[in-house]
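Examining the three-dimensional arrangement
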Amino acid sequence: MADKLSVGFNQDCSLITVGSSRGFRVYRCHPFKKCFQAAEGSIKFVEMLFSTSLVALVGAGKQPAFSPRRIRLYNTKTKSFICELDFATTVLNVKMNNKRLVAVLENKIHIFDLETLNILHTLRTPSNPNGVIALSSDVRNGFLALPCHESKGEILVYDVINLQVQSSINAANNPIQNLSMNAEGALLAAASTQGTVIRVFSIPGGEKLHTFRRGSYPVTIHSIAFSPKSTHIAVSSSSRTIHIFELFEREKKPKPNQAIPATASITTASISSYLPNLLSDIVEPGRHFAFVNLKDSSYRTVVAFGNGTLLVLSAQGYFCVYKIPEKGGECKLGMEFPLIEKPDEEMGVKIHGKGAAQTLFHVQYDHRNAHEKKESKQKKLLTKEHFETMFVKESDEEDMGGQRKEEKEDKE
């Protein structure tokens, strides 16, 4: 496929974002439907703030306005840009929650207040060419996890709300290649460049809770996702198999007349927490609960959980829904939807038209402290309307429509 797609989910996995050389689109997961499209502009990353009208865009560099060294905040409600953030080097990742925007460069991470877009803190990091981070979507546990060593699997847990280091986790023997947090910001899953083992830690403390064996051969981990209640995790990679692991094993009933040893209360998790990673992986060889066999593994995939389903996005341009068996095993394909549109099918607003893109705000990072203090006095750039839900579910739309109908009848 000529057009390289950037695909992802919003924080609660209710919406899909697709970036391409012709702009970006937003789809609803269930029922599947295109909600929004903006044409003209080569987009490398699209990051939504839940279901609000606020979208962060990073360009692919094919047009001057869409530089890979610039984050553009866009309002899907007014179909206009709010501001731009310029950086000295390429933006490798961008994440948001209701309080913070985090921009990842190769050797720096910049933390912004989301309302004022003032820069709050800059973390200098070891080389992070893939922009690997995980940010909690729940501001009550506003944790950011990032690799803090180039040759070892060490992870730094940082509180982006209070701007302080929480802990350092020795997660693997090899460098970290993928990180993911659950919705509450209480669990962290990590995979090293080896890609054979997935480990789950509690945060901010860093206690190792689970170790799962994905396979025996090294692979590139594409994505890791927690289920809504944090009972399972799904892992997609450059192999053809997507693995689903149980975080809390089902209780196994003892056979009749089988004695239960007194040491049964000592769990493998408690033993493995005192052992090096290599030994604890032998003690606790967790295998997958369910799996998906893909037809093609040559494209990057992103996974998420639905209601008893596994949602899979492919950079090839497909959205697939698989049914997860209650007792585990192979997940069967339930539905498949295309994310690719032909040029003559494109609709939407032009965000590159005359006067449409106005630069309201710039950030320079080599300024002196006095200049940073001067910028901190700026007014809020994002107002309450930017944080209001825009993309509602169809059931919610029907309820709202019924409510408006009742109000009209009352007035009559």
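The paragraphs below set out a description of the structure included in this document. (Residues numbered from 1 in each chain as written. Predicted model: local features only at pLDDT ≥ 70, side-chain atom pairs only at ≥ 80, totals over all residues. Heavy atoms only, no water.)

**Examining the overall build of the chain**
When you go through the chain residue by residue, the secondary structure sums to four helices and 30 strands. When burial is assessed residue by residue, the chain has 49% of its 412 residues classed as buried. As presented, the chain carries roughly 21200 Å² of accessible surface, and 50% of it is formed by carbon and sulfur atoms. (Helix = DSSP H or I, 4+ residues; strand = E, 2+ residues; numbered from the N terminus. Buried < 20%, exposed > 50% of the residue type's maximum accessible area, 1.4 Å probe, protein only. Areas by Shrake-Rupley, 256 points an atom, 1.4 Å probe, with all protein chains shown as cover.)

**Overview of the pattern of salt bridges**
All told, the structure shown has six salt bridges when counted by the stated rule. Of the charged contacts in the structure, one is a salt bridge between Arg70 and Glu84, with a shortest N-O distance of 3.6 Å. Of this pair, Arg70 sits in strand E7 (residues 70-75) while Glu84 is found in strand E8 (residues 80-86), placing the two residues 14 residues apart along the sequence. Taken as a pair, Arg70 and Glu84 share a single burial class, namely buried. The residue Asp138 makes a salt bridge to Arg140 at a minimum N-O spacing of 2.8 Å. By relative accessible area, which is 14% here, Asp138 ends up buried. Look at Arg140 and you get exposed, because its relative accessible area is 72%. A single network of salt bridges, built from pairs that share partners, joins Arg70, Arg72, Glu84 and Asp86. (Salt bridge = Lys/Arg side-chain N within 4 Å of Asp/Glu carboxyl O.)

**Some words on the nonpolar core**
By size, the foremost hydrophobic cluster in this structure holds 20 residues, and its most contacted members are Leu54, Ile71, Leu73, Phe87, Met96, Leu101 and Leu114. Counting only elements with at least two residues in this core, the list comes to strand E6 (54-59), E7, E8, strand E9 (93-96) and strand E10 (100-104). (Core = buried A, V, L, I, M, F, W, Y, C linked by side-chain atoms within 4.5 Å.)

**Some points on the sheet that holds E9**
With antiparallel pairing, four strands are arranged side by side in an open sheet as E9-E10-E11-E12. The strands lining the two open edges of the sheet, one partner per strand, are E9 and strand E12 (119-124). Neighbour-to-neighbour, the strand axes of the sheet open up by a mean angle of 15°, direction not taken into account. (Pairing = 2+ DSSP bridges. Axes fitted to C-alpha atoms, helices over the stretch in contact; angles between N-to-C directions.)

**Some points on the side chain of Ser192**
Positionally, Ser192 belongs in strand E18 (residues 187-192). Residue class for Ser192 comes out buried when judged on its relative accessible area of 9%. Apart from the residues lying within four places of it in its own chain, the contact partners of Ser192 are Ala172, Asn174, Pro175, Ile176 and Gln177. (Contact = heavy atoms within 4.5 Å.)

**Things to note about the sheet that holds E18**
Ordered by their spatial adjacency, four strands build an open sheet running E17-E18-E19-E20, and the pairing between neighbours is antiparallel. One side of each edge strand has no neighbouring strand; the edge strands of this open sheet are strand E17 (176-181) and strand E20 (208-213). When the angles between neighbouring strand axes are averaged without regard to direction, this sheet yields 20°. Alignment of strand E19 (residues 197-202) against E20, held across five bridges, turns out to be antiparallel. Note that in E20 the partner of Phe201 across the bridge is Lys208.

**Some thoughts on the packing of aromatic side chains**
The tally for this structure, following the rule as stated, stands at eleven aromatic pairs. Ring geometry for Phe36 against Tyr74: centres 6.2 Å apart, planes inclined by 50°, an arrangement best described as tilted. With a gap of 38 residues between them, Phe36 in strand E4 (residues 33-39) and Tyr74 in strand E7 connect regions that are remote in the sequence. Exposure class is identical for Phe36 and Tyr74. Each is buried. Taken together, the ring pairs in this structure connect Phe24, Phe36, Phe66, Tyr74 and Phe81 into an aromatic cluster. The aromatic ring of Phe66 is capped on one face by Arg72, whose charged end is 4.9 Å from the ring centroid. (Phe/Tyr/Trp six-rings, centres within 6.5 Å; stacked < 30°, edge-to-face > 60°. Lys NZ or Arg CZ within 6 Å of the ring centre and 35° of its normal.)

**Quick look at unusual backbone geometry**
Glycine aside, a negative phi is what most residues show, and trans is what most peptide bonds show. A cis amide bond links His30 with the next residue in sequence, Pro31, at an omega value of -10°. With respect to the element layout, Pro31 can be found in the loop between strand E3 (23-28) and E4. Geometrically, the link from Ile203 to Pro204 is a cis peptide bond, its omega value of 15° lying close to zero. Relative to the helices and strands, Pro204 resides in the loop between E19 and E20. Positioned with a positive phi, Leu163 is a non-glycine residue whose angle comes to about 55°.

**Thoughts on the pairing of E19**
Among the six residues that make up E19, six are buried, leaving the element largely enclosed by the rest of the structure. Residues Val197, Arg199 and Phe201 point to one face of E19 and Ile198, Val200 and Ser202 to the other, with burial holding for every one of them. When E18 meets E19, the two strands line up antiparallel, connected through five bridges. Following the sheet pairing, Ala191 is matched in E19 by Ile198. Linking E18 back to E19 in an antiparallel pair, the connection comprises four residues, with Gly195 at a positive phi of about 75°. Taken together, E19 and the strand that follows it, E20, pair antiparallel across an intervening segment of five residues, in which Gly206 is found at a positive phi of about 90°.

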